[in-house]
Amino acid sequence: MMNEGKSNSILVSGESGAGKTETTKLLMRYLAFLGGRSGTGGRTVEQQVLESNPVLEAFGNAKTVRNNNSSRFGKFVELQFDKSGKISGAAIRTYLLERSRVCQTSSPERNYHCFYFLCSAPSEDIKKYKLGDPSSFHYLNQSSCIRVDGINDAEEYLATRNAMDMVGITEEEQEAIFRVVAAVLHLGNISFAKGTEADSSVIKDAKSRFHLNTAGELLMCDCEKLENALIKREINTPEGVITTTVGPNSATVSRDGFAKQIYSRLFDWLVNRINASIGQDPSSDKLIGVLDIYGFESFKTNSFEQLCINFTNEKLQQHFNQNVFKMEQEEYTREQINWSYIEFVDNQDVLDLIEKKPGGIIALLDEACMFPKSTHETLSQKLYEKFKNHKRFAKPKLSRTAFTIQHYAGDVIYQSDHFLDKNKDYVVAEHQELLNASRCSFVSVLFPPAPEENTKSSKSSSIATRFKMQLHELMETLSSTEPHYIRCVKPNSVLKPAIFENTNVLQQLRCSGVLEAIRISCAGYPTRKLFHDFLHRFRILAPEILKEKNDEKTTCQKVLDKIGLEGYQIGRTKVFLRAGQMAELDARRTEVRNTAARGVQSQLRTHVAREQFLILRNASVCLQSFVRARLACKLHGFLRQQAAVLKIQKNIRRYFARRTYSQLCLSAITLQTGLRTMAARNEFNSRNQDKASIHIQSRWRRHRDNLSYIKLKRAALTYQCAWRGRVARRELRQLKMAARDTQALKVAKEKLEERVEELMSRLSLEKKLR
Ligand SMILES: Nc1ncnc2c1ncn2[C@@H]1O[C@H](COP(=O)(O)OP(=O)(O)OP(=O)(O)O)[C@@H](O)[C@H]1O
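Going by the annotation in an unreviewed UniProt entry, the name recorded for the protein is Myosin motor domain-containing protein, with Aegilops tauschii subsp. strangulata given as the source organism.

Some details on the overall build of the protein
For the protein, the helix and strand inventory stands at 26 helices and 17 strands. Its C-alpha atoms give the protein principal-axis dimensions of about 235 × 100 × 55 Å. A burial count over the protein gives 42% of its 770 residues as buried. Across the protein, contacts joining residues at least 24 apart in sequence account for 69% of those joining residues at least 6 apart. Only carbon and sulfur atoms are counted for the fraction: they give 56% of the accessible area of the protein, which is about 43,500 Å². In the protein, the 116 positive side-chain charges and the 87 negative ones have mean positions that sit 23 Å from each other.

A few points about the domain arrangement of the protein
Assigned domains within the protein: domain 1 (525-579) and domain 2 (583-769). Put simply, the middle of domain 1 and the middle of domain 2, counted by C-alpha atoms, are 123 Å apart. Counting residues at the interface gives 9 residues for domain 1, matched by 7 residues for domain 2. Summing both partners gives a buried area of about 780 Å² for domain 1 against domain 2, and 70% of it is carried by carbon and sulfur. Among the residues domain 1 hides against domain 2, the three largest losses belong to Arg-537, Ile-540 and Leu-541. Together they make up 54% of the total.

Looking at the sheet that holds strand 12 (residues 402-407)
The antiparallel open sheet is built from 3 strands, whose spatial order is 11-12-13. Each edge of the open sheet is held by one strand with a lone partner, namely strand 11 (393-394) and strand 13 (410-415). When strand 11 meets strand 12, the two strands line up antiparallel, connected through 2 bridges. Of the residues in strand 12, the one forming a bridge with Ala-394 is Thr-404. Most of the contacts of helix 11 (residues 304-334) go to strand 13, to which it runs at about 150 degrees, and overall it touches strand 12 and strand 13. Strands in contact with helix 12 (residues 348-355) are strand 11 and strand 12; relative to strand 12, the strand with the most contacts, it is inclined by about 150 degrees.

A closer look at the UniProt feature "binding site: ATP" (unreviewed entry) in the protein
Residues given the UniProt feature "binding site: ATP" (unreviewed entry) here are Gly-14, Glu-15, Ser-16, Gly-17, Ala-18, Gly-19, Lys-20 and Thr-21. Take Glu-15: it is sitting in the loop between strand 1 (8-14) and helix 1 (20-35). Excluding residues that lie within four positions of it along the chain, Glu-15 makes contacts with Lys-20, Arg-66, Gly-295, Phe-296, Cys-488, Lys-490, Asn-504 and Gln-508. Position of Gly-17 among the secondary structure elements: in the loop between strand 1 and helix 1. Leave out the neighbours within four places in its chain, and Gly-17 touches Arg-66, Asn-67 and Lys-490.

Considering the pairing of strand 8 (residues 232-237)
As defined by bridge partners, strand 8 adjoins strand 9 (residues 240-245) across 6 bridges and the pair is classed as antiparallel. Bridged to Asn-236 within strand 9 is Val-241. Counted along the chain from strand 8 to the antiparallel partner strand 9, the turn is 2 residues long.

Focus: the packing of aromatic side chains
Under the criterion given, the structure shown has 17 aromatic pairs. Taking 5.0 Å as the distance between ring centres and 50 degrees as the angle between the ring planes, the aromatic pair formed by Phe-534 and Phe-538 counts as tilted. Note that Phe-534 and Phe-538 are positioned in helix 22 (residues 531-538) at a spacing of 4 residues, about one turn of the helix. On the accessibility criterion, Phe-534 (0% relative accessible area) is buried. Three or more aromatic residues joined by ring pairs form one cluster here, namely Phe-304, Phe-387, Phe-393, Phe-403, Tyr-414 and Phe-419. Taking NZ or CZ as reference, Lys-395 lies 5.2 Å from the ring centre of Tyr-384, over its face. One cation-aromatic arrangement involves Arg-487 over Phe-320; the distance from NZ or CZ to the ring centre is 4.1 Å.

Points about the packing of helix 11 against helix 12
Interaxial distance between helix 11 and helix 12 falls to 10 Å at its minimum, and their mutual angle equals 140 degrees. As summarised for this structure, helix 11 and helix 12 are arranged oblique, according to the angle between their axes. Considering how the two elements wind past one another, helix 11 and helix 12 form a crossing that is left-handed. Mapping the contact onto sequence places Leu-307, Phe-311, Glu-314, Lys-315 and Gln-318 in helix 11 and Gln-348, Val-350, Leu-351, Ile-354 and Glu-355 in helix 12. Across the contact of helix 11 with helix 12, the residue classes tally to 5 nonpolar, 2 polar and 3 charged.

Here's the deal with the pattern of salt bridges
This structure, assessed with the given rule, holds 34 salt bridges. The residue Arg-147 makes a salt bridge to Asp-133 at a minimum N-O spacing of 3.8 Å. Here Arg-147 is found in the loop between helix 5 (138-141) and helix 6 (153-166), whereas its partner Asp-133 is found in the loop between helix 4 (123-128) and helix 5, with 14 residues between them in sequence. Here Glu-584 and Arg-588 are joined by a salt bridge, their closest N and O atoms 3.4 Å apart. Pair noted here: Glu-584 and Arg-588 are both in helix 25 (residues 581-741), with a separation of 4 residues, about one helical turn. Owing to a relative accessible area of 32%, Arg-588 belongs among the partly exposed residues under this scheme. One salt-bridge network, in which partners are shared between bridges, spans Asp-125, Lys-128, Arg-161, Glu-171, Glu-175 and Arg-179.

Considerations on the site of the ligand
Surveying the vicinity of the ligand reveals 13 residues, the closest of which are Ser-16, Lys-20, Thr-21, Ser-70 and Ser-71. Residue Gly-19 places a main-chain N or O atom 3.0 Å away from an oxygen atom belonging to the ligand. One nitrogen or oxygen atom from the side chain of Thr-21 is found 2.5 Å from an oxygen atom belonging to the ligand. Look at the ligand: alone it shows 630 Å² of surface, and the protein chains cover 65% of it.

A look at a nonpolar patch on the surface
Together, Leu-623, Phe-626, Val-627 and Leu-631 make up a nonpolar patch on the protein surface, roughly 400 Å² of accessible area in all. Residue Leu-623 is classed as exposed on the basis of its relative accessible area of 54%.

Quick look at the environment of Gly-188
Within the secondary structure, Gly-188 is located in helix 7 (residues 171-188). When its relative accessible area of 2% is taken as the criterion, Gly-188 is described as buried. Along the primary structure Gly-188 and Asn-61 are separated by 127 residues, whereas in three dimensions their C-alpha atoms are 20 Å apart. Discounting chain neighbours no more than four positions away, the residues touching Gly-188 are His-138, Tyr-139 and Arg-255.

Details of the sheet that holds strand 17 (residues 574-577)
Hydrogen bonds between backbone atoms are what pair the strands of a sheet, whose relative direction is either parallel or antiparallel. Overall, antiparallel pairing links the 3 strands, which are arranged 15-17-16 in an open sheet. Looking at strand neighbours, the two that pair on one side only are strand 15 (527-530) and strand 16 (569-570), the edges of this open sheet. As paired strands, strand 16 and strand 17 are joined by 2 bridges and run antiparallel to one another. Residue pairing across strands places Gln-569 opposite Phe-576, the latter belonging to strand 17. Those strands touched by helix 22 are strand 15, strand 16 and strand 17, and its axis lies near 95 degrees from that of strand 15.

What counts as what
Residues numbered from 1 in each chain as written. Predicted model: local features only at pLDDT ≥ 70, side-chain atom pairs only at ≥ 80, totals over all residues. Heavy atoms only, no water. Helix = DSSP H or I, 4+ residues; strand = E, 2+ residues; numbered from the N terminus. Buried < 20%, exposed > 50% of the residue type's maximum accessible area, 1.4 Å probe, protein only. Contact = heavy atoms within 4.5 Å. Areas by Shrake-Rupley, 256 points an atom, 1.4 Å probe, with all protein chains shown as cover. Lys, Arg positive; Asp, Glu negative; His and termini not counted. Charge placed at Lys NZ, Arg CZ, Asp CG, Glu CD. Domains from an automatic or database assignment. Buried area = accessible area lost by both parts, 1.4 Å probe. Pairing = 2+ DSSP bridges. Axes fitted to C-alpha atoms, helices over the stretch in contact; angles between N-to-C directions. UniProt positions renumbered as here; feature names shortened; annotations may be inferred. Phe/Tyr/Trp six-rings, centres within 6.5 Å; stacked < 30°, edge-to-face > 60°. Lys NZ or Arg CZ within 6 Å of the ring centre and 35° of its normal. Parallel < 35°, antiparallel > 145°, perpendicular 65-115°, else oblique. Left-handed = near helix turned anticlockwise from the far one by under 90°. Nonpolar A, V, L, I, M, F, W, Y, C, P; charged D, E, K, R; others polar. Salt bridge = Lys/Arg side-chain N within 4 Å of Asp/Glu carboxyl O. Near = heavy atom within 4 Å. Polar contact = N/O pair within 3.5 Å; in protein donor to acceptor, adjacent residues only side chain to side chain. Patch = residues over 30% accessible without salt bridge, like charges linked within 9 Å, V, L, I, M, F, W, Y side chains within 5 Å.

Below, the structure is given as structure tokens:
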């Protein structure tokens, strides 16, 4: 798409249950991977598109005979790309939701998944919406199939709510959505009985009234008005508005119509809401559209929906024929290349039969809807009459209302019984007014007031015509894009893996024109390019040939010869290539470009790497010096800290040591003092004792010595006295002898006398002292 500058579309087709939806999901995932924006904040467009699938499947898919998860609506997803090839926006367009399923299901089919999911919701939700087992609701219990293998309704309910969160549907909106879904279920349980007057009806019983009131509460509208809207009709006449009543059957039809309208509007709202939250890119001019539309259907009983579905498939088949066969072969002829024409089955006549205006089935159906007196029988008669000679139309032998159309995929018998009702697309004015006046803004938005002048035209609008117009628009979109086809083939009808029903598979391949498509792609030239475009793209494979001054055709021929391709053809203005040759040329071109790119890249990378290296080196040197400075600072700080710590430790230790020492000293001194005091006291005591004993001894000795001295002295004195007396008497006798002789003796006599006296006084003194 980016190379060619042209939008693309992928048309996924096949029978119901062949795998279209699954293929579409894989495609979307692949495109999201290719064009996704990684790393952007929030949810990307592609994520939101992928996450919208569970929401649309919950409300638009149902179990059918052919597929447990059959899409009951068509879907065209438009991925918009910006100039850089990234997804910049997306839009989902849906086509013709099968409304009748809301009110009518038959075994073994189911109604839309969301009803069953809601009935398996957590108990608080069940209580809030006054729900119960699915089999208690008329819209669900018409079929005996309530559960489907492989679908866990309770888990799916939570998954759907989760997906709603993802696509940006708020909690209040989700609450309102499920309230409306529950209201539809309750509406279905309202039964009517015949009223007292003719053509009138009343609410059948208390149970029906309960459901009526619950539906009214859930839709937040007046219950009495809801009842009137179901059993009464207002008719505008020139004289004024007349209110009439309707019988039970008409009331039931009115109820079902009401429920279908609500559900289809809810579905449209969901699609619009998802589109609004994904966002479009108005500036985008390139898109890839993926079309997943309901597959061809042929049941036992086929009705209006099957006609629309098969009409769509016919349209798509024609698009396929146009692109693969008609246009292809026309171009071969125009370009005058060697070609033998391949036949194919053209389905233009079936399309004319259905959509031609005037005179096609849809036109006749619309016409019949305009006449109040038309019935399905009159419609059938008209069809039989009009197409009695049409080779694609037939009347089954024993039926008065059925008709057969020979589709490209086989004959289908349609029962026209409900064609008229199903084709009418108008909202009963009373229903419109009632819900528009709802106290719930969500419900009133679903039913905006219809403009006065449009009321008439909307009454007459038909579903088939609207659908035809939608398809026409779709075809126009597809025509402006490069189409790609994916044909899904259903291997078996028992929905089991690894079983291939060969006849069935072959029939599908034949009907969808795949066999002819294979023949044409084997024999044909799927790729073609204008000479100029071809040379512009592939000139790099042979640049020297371009230097020669030849015309474009010859240059193309020479380039292709040089490359050595075989089997191609040169037309008048274009080069026609066989399947795979373009890819081969592209591969060679890519190789040449890659080699050149590698040279440029290596030079550029060297330059960039050197620049980066220098920047890196400077930065790293700067960083290193800074880091080193920081480390040195840190080390310095650490060392300072360590020194401080040591100092503090030293001081603390010194303090503690000193304190301990002081305490020790004090204790020692105290101890020493005590001991010394004790010793001194002992010494003192002993000295005192010694002194006392010495004193005593000295006193005693003195006393003893004094006594002995006194004794000695006395003795000495006694001796001395005795001696001296003897000596003195001897001297006295001598003196007396000398005195007698002389005077000297007289003096000596006197001296001796004095002496005797002195000694006598001393002796008396001593005697006194003693
Ligand atoms: N590629 C696949 N791999 C495994 N199973 C697949 C694949 N494609 C389809 N199936 C199985 O087939 C079933 C039907 O596929 P899917 O819903 O895609 O069919 P469909 O063609 O879209 O049908 P319808 O037209 O009814 O919507 C899937 O539920 C799945 O079980």
